[in-house]
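# Examining the three-dimensional arrangement
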Amino acid sequence: MSTVSKVDLEVRRRGIKIFQEKFKELIQKIIKEKSPSLIIPKRTLSNTIYDERRKLLLLGPEMLRRSFLDVNEAKKFMQTILMASIIYEALVNNEYPTIRDLYYRGKHTIRFKDFKGRWSEENTWDEQRESDSVIRDIEVYLGLLREELLILSKEKGKVVGNMRIKSGDDIIDLSKMGHGAYAIEPTPDLIEFIDVDAEFVLVVEKDAVFQQLHRYGFWKKYKAILITSAGQPDRATRRFVRRLSEELKLPIYILTDADPYGWYIYSVFKIGSITLSYESERLATPDAKFIGVSMTDIFGDKQRKKKPWLTEKEAKNYIIKAKDADIKRAKELLNYRWFQTPEWEREIKIFLEKKAKLEIEAMASKGLKFLADTYIPQKIATKDWIE
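The paragraphs below set out a description of the structure included in this document. On a predicted model such as this, the values are computed, not experimentally measured, just so you know. (Residues numbered from 1 in each chain as written. Predicted model: local features only at pLDDT ≥ 70, side-chain atom pairs only at ≥ 80, totals over all residues. Heavy atoms only, no water.)

### Considering helix 13 (residues 342-354)
Applied cut-off: In DSSP terms, a helix is any run of H or I states spanning at least four residues, a strand is any run of E spanning at least two, and both are numbered starting from the N terminus. Here the expected span of a helix is defined as 1.5 Å times the quantity of residues minus one. Note on classification: 1.4 Å probe, protein chains only; a residue is buried when its accessible area is under 20% of the maximum for its type, exposed when over 50%, partly exposed between these limits. To obtain the arc, one takes the directions from the helix axis to the C-beta atoms.
For helix 13, built from 13 residues, the straight-helix expectation of 18 Å at 1.5 Å per residue is met to within 8% by its first-to-last C-alpha distance of 18 Å. Those residues of helix 13 not exposed but buried are Trp 344, Glu 347, Ile 348, Ile 350 and Phe 351. What you see down the axis of helix 13 is that its buried residues fit within an arc of 155°, all on one side. Along helix 13, exposed side chains directed more than 90 degrees from the buried face belong to Pro 342, Lys 349 and Glu 353. Backbone geometry just after helix 13 places Lys 355 at a positive phi near 50°.

Here you go:
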């Protein structure tokens, strides 16, 4: 009896078929004694475009040719073929490699004689970031995410809520996870949403705050799906959130620290990242809204007659002085077109003037009830968010 789920078998068959189709042309070139080469979409900052209408970071039209007989590209060409062969073998052999496994499987030293007859050595790759970059090249070449090739990575995001999902051949009730939560699997596209009883999704940057809200029963009281990215979101969490927005039409609210790093986490959820711009259409959630913590939550906004959520004494106690790295990062954000809106420019301007930041936990320090029953619900009810 097979212990492998039917879903995985179908994904594996599809991956093998696409692999064979895409590399068939390369094999034919070699058979005809022509120079083998790969035409791959160019994954560089210069070829990353911000689509203002769709509010997405996308890969531009530029392509690169990776040729075996080009001295400058030969090593990259061989790395790509090596990694492609390892992934293909894993698919055929019913394996589930991690990106770390793939790094080790391909890591070795090639010994060769140079044109003067001297022996030399060359490593296939030294660090995992090199092999990870090659995996991304293969993703854009095949038009498949690594998750669709059943390549696994460490689980990071967590979710609880009144919903049932099908993962593999099992039904999992996310409302019956005790004090724990469901770890969002590395292949979120293989999850089937069975039934969902929720009115919105709250994504919390901090795992500790997620645990507090979970124990407090926030998701039950306010009919929410509660998710944490535990810092910078991984691909699986971003894809899971995108599916909740796209397929179930649930509003998505993001809660982060009031600092440039928290704001960037929000932007990664909303418009995508530069590194993975080739998959923004599947990973980003353009309708996501930033509900806090904002600088105007801390200091108020006279122009909009908005009062601060903290008293002067509380602000003095909870505010953390921004470091040089925070200031530098804030100035970098101002250069990104997606932060060049009146709302974000106002936030960043206040940050640079006050040189102050605030963690979400500061709101919980006023009492968990304040965070769960006052701050978050009122921010949503009054539409006090940034899009």
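### Some details on the nonpolar core
Where we set the bar: Put simply, buried Ala, Val, Leu, Ile, Met, Phe, Trp, Tyr and Cys residues joined by side-chain atoms within 4.5 Å make one nonpolar core. Should any heavy atoms of two residues lie within 4.5 Å, those residues are considered in contact.
With 76 residues, the main nonpolar core has Leu 202, Leu 213, Ile 227 and Ile 376 as its most contacted residues. The leading source of residues in this core is helix 8 (residues 260-271), at seven residues. Apart from residues lying up to four places away in sequence, Ile 227 is in contact with Lys 158, Val 159, Ile 184, Val 201, Leu 202, Val 203, Val 204, Phe 210, Thr 237, Phe 240, Val 241 and Leu 244. The next biggest cluster of nonpolar side chains, apart from the first, holds 29 residues, and it includes Ile 18, Met 83, Ile 87 and Trp 125.

### Structural notes on the packing of helix 8 against helix 13
The criterion, for reference: Fitted lines through C-alpha atoms serve as axes, helices being fitted only where they are in contact, and the angles separating the N-to-C directions of these axes extend from 0 to 180 degrees. Each angle gets one of four labels, with under 35 degrees taken as roughly parallel, over 145 as roughly antiparallel, 65 to 115 as roughly perpendicular, and the rest as oblique. By the definition used in this description, the sense in which the near helix is turned from the far one sets the handedness, with an anticlockwise turn below a right angle giving left-handed and a clockwise turn giving right-handed. Three classes are used: nonpolar for Ala, Val, Leu, Ile, Met, Phe, Trp, Tyr, Cys and Pro, charged for Asp, Glu, Lys and Arg, and polar for all others, with Gly counted as polar.
Between helix 8 and helix 13, whose axes approach to 12 Å, the crossing angle comes to 160°. It follows from the interaxial angle that helix 8 and helix 13 lie roughly antiparallel. For the crossing formed where helix 8 meets helix 13, the hand is left-handed. Taken together, the residues of helix 13 that come into contact with helix 8 (itself represented by Pro 260, Trp 263 and Tyr 266) are Trp 344, Glu 347, Ile 348 and Phe 351. In the contact of helix 8 with helix 13, the residues fall into six nonpolar, no polar and one charged.

### Things to note about the layout of surface pockets
Here is the rule we go by: Here a cavity means grid points, on a 1 Å grid over the protein atoms only, where a 1.4 Å probe fits yet cannot get out; a pocket means an open set of points with protein on both sides within 12 Å along at least five of seven lines; lining residues are those with an atom within 4 Å of a point. Grid points are joined across faces, edges and corners, and a volume is the space filled by probe spheres set on the points.
The space that makes up the largest pocket amounts to roughly 350 Å³. Around the largest pocket, the lining is made up of 19 residues, and of these Arg 146, Pro 233, Asp 234, Arg 235 and Leu 276 lie nearest the centre. For the lining of the largest pocket, the elements supplying multiple residues, two or more each, are helix 4 (128-142), helix 7 (235-248) and helix 8. If one sorts the elements of the lining of the largest pocket by residue count, helix 7 sits on top with three residues. Of the residues belonging to the lining of the largest pocket, the class tally is seven nonpolar, four polar and eight charged.

### Focus: the pattern of salt bridges
Applied cut-off: By definition here, a salt bridge exists when the distance from a side-chain nitrogen of Lys or Arg to a carboxyl oxygen of Asp or Glu is within 4 Å.
Here the structure, examined in full by the defined rule, presents 38 salt bridges. The salt bridge involving Arg 146 is made with Glu 147; its shortest N-O contact spans 3.9 Å. For Glu 147, a relative accessible area of 10% gives the class buried. In this structure, Asp 297 and Lys 379 form a salt bridge, with 2.8 Å as the shortest nitrogen-oxygen distance. One end of the pair, Asp 297, is in helix 10 (residues 295-299); the other, Lys 379, is in helix 15 (residues 368-381), and 82 residues separate them in sequence. Lys 379 shares its class with Asp 297; the two are buried. Several salt bridges converge on common partners, so that one network encompasses Arg 14, Glu 148, Asp 189, Arg 239 and Arg 282.

### Thoughts on the packing of aromatic side chains
We describe a pair of aromatic rings using the distance from one ring centre to the other and the angle between the two ring planes. Put simply, the rule reads: Each Phe, Tyr or Trp ring, with Trp reduced to its six-membered ring, pairs with another whose centre is within 6.5 Å; inter-plane angles below 30 degrees give stacked pairs, above 60 give edge-to-face pairs, and intermediate values give tilted ones. We count a charge as sitting over a ring when the NZ of a lysine or the CZ of an arginine lies within 6 Å of the ring centre and within 35 degrees of the ring normal.
With the rule as written, the count across this model stands at 22 aromatic pairs. Ring centres of Phe 23 and Tyr 141 lie 5.3 Å apart, and the angle between their planes is 65°; on these two criteria the pair is classed as edge-to-face. Within this pair, whereas Phe 23 is found in helix 1 (residues 6-31), its partner Tyr 141 is found in helix 4, the two being separated by 118 residues in sequence. Across this residue pair, the class does not change: Phe 23 and Tyr 141 are buried. A centroid spacing of 5.7 Å and a plane angle of 65° characterise the contact between Phe 200 and Tyr 253, whose relative ring orientation is edge-to-face. With a gap of 53 residues between them, Phe 200 in strand 12 (residues 200-204) and Tyr 253 in strand 14 (residues 252-255) connect regions that are remote in the sequence. Accessibility assignment for this pair places Phe 200 and Tyr 253 in one class, buried. An aromatic cluster is built from Trp 263, Tyr 266, Phe 290, Phe 339, Trp 344 and Phe 351, whose rings are joined through pairwise contacts. When the ring centre of Tyr 96 is taken as reference, the NZ or CZ atom of Arg 12 above it lies at 4.9 Å.

Everything listed here is a matter of geometry and, on its own, says nothing about what the molecule does.
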